[in-house]
Amino acid sequence: MKVAIGSDHGGYNLKEEIKTMLSNKGIEIDDVGCDCADSVDYADYAVPVAEKVAAGEADRGILICGTGIGMSIAANKVNGIRCALVHDLFSAKATRAHNDSNVLAMGERVIGPGLALEIAETWLDTDFEGGRHKKRIDKVSAIEK
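Undergrad: Go over helix α1 (residues 12–24) with me, naming the residues and quoting the values.
TA: An α-helical turn contains 3.6 residues, so any two residues separated by three or four positions project in the same direction. Relative to the 18 Å expected for 13 residues at 1.5 Å per residue, α1 spans 19 Å between its end C-alpha atoms, a close match to the ideal helical length. Every buried residue belonging to α1 is among L14, K15, I18, M21 and L22, and all of these are buried. For α1, the angular spread of the buried residues around the axis is 120 degrees, confining them to a single face. Packing partners of the buried residues in α1 comprise β1 (2–7), β2 (28–31), β3 (60–65), β5 (103–107) and α5 (113–125). G26 sits one or two residues past α1 and shows a positive phi near 75 degrees.

Below you can see the structure in the form of structure tokens.
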């Protein structure tokens, strides 16, 4: 699996922790930045991650900013992206199983690193159930056309 990851300054520290977890799981990482805690614009990192996922250059994407809100809004502007803002384990599992989310957004200022790592692992390890959920995803995808 290959994961594209990006953050703004508000999510930089958590991004670095998640990269360590991904590496320990043997997951290939494509880090689009940012590379410091200096103020930057979240869209400059959300869009490249989303585009890599949409183009098939990465299997999934993970985005982190202060709240996760800006990143998720920006990523969802890219056709083919189903970015879910998640701050609990139930939602991490449900958004993969039922919504086939392909990008995960989290907020470093909302949750701590322990929970964030659990969320990312749960999200990465959960498969899409398909079935009745596929029909719903197809309806959402049709909106983009």
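Undergrad: So what about the nonpolar core? Which residues, and what values?
TA: Most often, soluble globular proteins keep nonpolar side chains buried together rather than apart. Ranked by size, the top nonpolar core spans 20 residues in total, and within it I18, L22, I62, L104, M106, I119 and L124 carry the most contacts. Broken down by secondary-structure element, the contributors of at least two residues to this core are β1, α1, β3, β5 and α5. Considering every element that reaches this core, the biggest residue donor is α5, with five residues. In contact with L22, other than residues within four places in its own chain, are V3, I5, I27, I29, I62 and L124.

Undergrad: So what's going on with the packing of α1 against α5? Residues and values would help.
TA: Put simply, α1 and α5 touch, their axes get as near as 10 Å, and they point 45 degrees apart. With respect to α5, the axis of α1 lies oblique. Once α1 is placed against α5, the crossing between them reads as right-handed. On α5, the residues touching L14, E17, I18, M21 and L22 of α1 are P113, A116, L117, A120, E121 and L124. Its residues placed into classes, the contact of α1 with α5 shows nine nonpolar, no polar and two charged.

Undergrad: Which residues make up the packing of helix α4 (residues 89–97) against α5, and what values do they have?
TA: Taken N-terminus to C-terminus, the directions of α4 and α5 make an angle of 20 degrees; their axes are 8 Å apart at the nearest point. The orientation of α4 relative to α5 falls into the category roughly parallel. As for how α4 packs across α5, the hand of that crossing is right-handed. In this structure, α4 uses L89, A92, K93, T95 and R96 to contact α5, whose residues at the interface are L115, E118, I119, T122 and W123. A class-by-class count of the residues in the contact of α4 with α5 yields five nonpolar, two polar and three charged.

Undergrad: Give a detailed account of the layout of surface pockets, specifying residues and quantitative values.
TA: With a probe scaled to a water molecule rolled over the atoms, the places where space remains empty come into view. A volume near 180 Å³ is recorded for the largest pocket. Around the largest pocket, the lining comprises 13 residues; the ones closest to its centre are N76, I81, R82, V140 and E144. Sort the elements by how many residues they give to the lining of the largest pocket and helix α6 (residues 132–143) lands first, with four residues. A class-by-class count of the residues in the lining of the largest pocket yields five nonpolar, five polar and three charged.

Undergrad: Quick rundown of the sheet that holds β3? Include the residues and the values.
TA: The sheet built from five strands is open, its strands ordered β2-β1-β3-β5-β4 with parallel pairing. The open sheet has two edge strands, β2 and β4 (83–85), and neither has a second partner. In this sheet, neighbouring strand axes are inclined to one another by 20 degrees on average, regardless of whether the strands run parallel or antiparallel. Judged from the three bridges that link them, β4 and β5 form a sheet pairing that is parallel. By the bridge assignment, C83 is partnered in β5 with V103. Taken strand by strand, α5 contacts β1, β3 and β5, and its axis lies near 170 degrees from that of β5.

Parameters and conventions
Residues numbered from 1 in each chain as written. Predicted model: local features only at pLDDT ≥ 70, side-chain atom pairs only at ≥ 80, totals over all residues. Heavy atoms only, no water. Helix = DSSP H or I, 4+ residues; strand = E, 2+ residues; numbered from the N terminus. Expected span 1.5 Å × (residues − 1). Buried < 20%, exposed > 50% of the residue type's maximum accessible area, 1.4 Å probe, protein only. Arc of directions from axis to C-beta. Contact = heavy atoms within 4.5 Å. Core = buried A, V, L, I, M, F, W, Y, C linked by side-chain atoms within 4.5 Å. Axes fitted to C-alpha atoms, helices over the stretch in contact; angles between N-to-C directions. Parallel < 35°, antiparallel > 145°, perpendicular 65-115°, else oblique. Left-handed = near helix turned anticlockwise from the far one by under 90°. Nonpolar A, V, L, I, M, F, W, Y, C, P; charged D, E, K, R; others polar. 1 Å grid on protein atoms, 1.4 Å probe; cavity = no way out; pocket = protein on both sides within 12 Å on 5 of 7 lines; lining within 4 Å. Points joined across faces, edges and corners; volume = space filled by probe spheres on them. Pairing = 2+ DSSP bridges.

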